[in-house]
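What follows is each chain in one-letter form.
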Amino acid sequence: MSKTLLILTGHSKGLGRAILDYYLKIDRTQVLAISRSSIQLDHPQLTERNLDLSDLPVLQNELDGIFPNGDFGQLILINNAGWIGEIKPIGELSPKELRQQVNLNLLAPMFLTNAFIKKYKSSPAEKIICNISSGAATRPVSGWGGYCSTKAALAMFTMVADRDNKSDSFHFYSLAPGIVDTPMQEDIRKSEETNFPELEKFKAFKANGDLTAPDLVAEKIGYLLGNVEKFPEVIQDVRNIQLP
């Protein structure tokens, strides 16, 4: 039975932690988890790498050494790390924080996707790249200028990567996870209504129990990536994935 290598970013909390926990339960799966902070989990299938993905010069210097060699039947990259950024109208954003958001949400996954393809293109293994997107990639949300824009750009980058690397062994996804009960949602609920007109709606999601549990989203992601033949389109939404 062949082994799987998963490279996962942003694994220390929220959806990333749920994805990590899901894959660590699968035998013969090795996980390389990349985040700014370590969770200090002692597990034989897990290797953690501390890296601030918004620090592009450091990431660029580390790229060649990130992706391990090995005899794997499946190679997966999940670019999950992301940041909602400043929730303010365009015209009031901090250039410094906007640059950090673009680095983390867009340029880091672009760097990693490009390096992953370069490293493993000649491998006969099944290769899957899943970039975590958002419904905000296709819907303008007041106060989320940086977040909407970076997610939209990442979705387009994923579609072009798919066109550039057409083969039976490559699969690319831009995946919207839905509204998930994560620390990012907590940050959204702490914003000011003057900066975010949809604040009360997002507070109601939590109060009414409308947020999806991260472990359920992780299970659906696992099902998607384990059954790529059933999901040929690049643009995917977790809410449209039905578990058997």
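The rules behind each value
Residues numbered from 1 in each chain as written. Predicted model: local features only at pLDDT ≥ 70, side-chain atom pairs only at ≥ 80, totals over all residues. Heavy atoms only, no water. Axes fitted to C-alpha atoms, helices over the stretch in contact; angles between N-to-C directions. Helix = DSSP H or I, 4+ residues; strand = E, 2+ residues; numbered from the N terminus. Parallel < 35°, antiparallel > 145°, perpendicular 65-115°, else oblique. Left-handed = near helix turned anticlockwise from the far one by under 90°. Contact = heavy atoms within 4.5 Å. Nonpolar A, V, L, I, M, F, W, Y, C, P; charged D, E, K, R; others polar.

Colleague: Teacher, can you tell me more about the packing of helix α3 (residues 95-120) against helix α4 (residues 145-164) here?
Modeller: What describes two packed helices is the angle between their axes and the distance between those same axes. Remark: α3 packs on α4, axes separated minimally by 9 Å, with the N-to-C direction vectors making an angle of 15°. Considering the angle they form, α3 stands roughly parallel to α4. Where α3 crosses over α4, the handedness of that crossing is right-handed. Counting all contacts with α3, which are made through Leu-98, Gln-101, Val-102, Asn-105, Leu-106, Pro-109, Met-110 and Thr-113, the residues of α4 involved are Gly-146, Tyr-147, Thr-150, Ala-153, Leu-154 and Phe-157. A class-by-class count of the residues in the contact of α3 with α4 yields 9 nonpolar, 5 polar and no charged.

Colleague: What exactly am I supposed to notice about unusual backbone geometry here?
Modeller: Unlike most non-glycine residues, Arg-28 shows phi in positive territory, near 60°. Of note, Arg-28 is situated in the loop between α1 (14-24) and β2 (29-35). Positive phi is not limited to glycine here, since Gln-40 has a value of about 55°. Tracing the sequence through the fold places Gln-40 in the loop between β2 and β3 (46-50).

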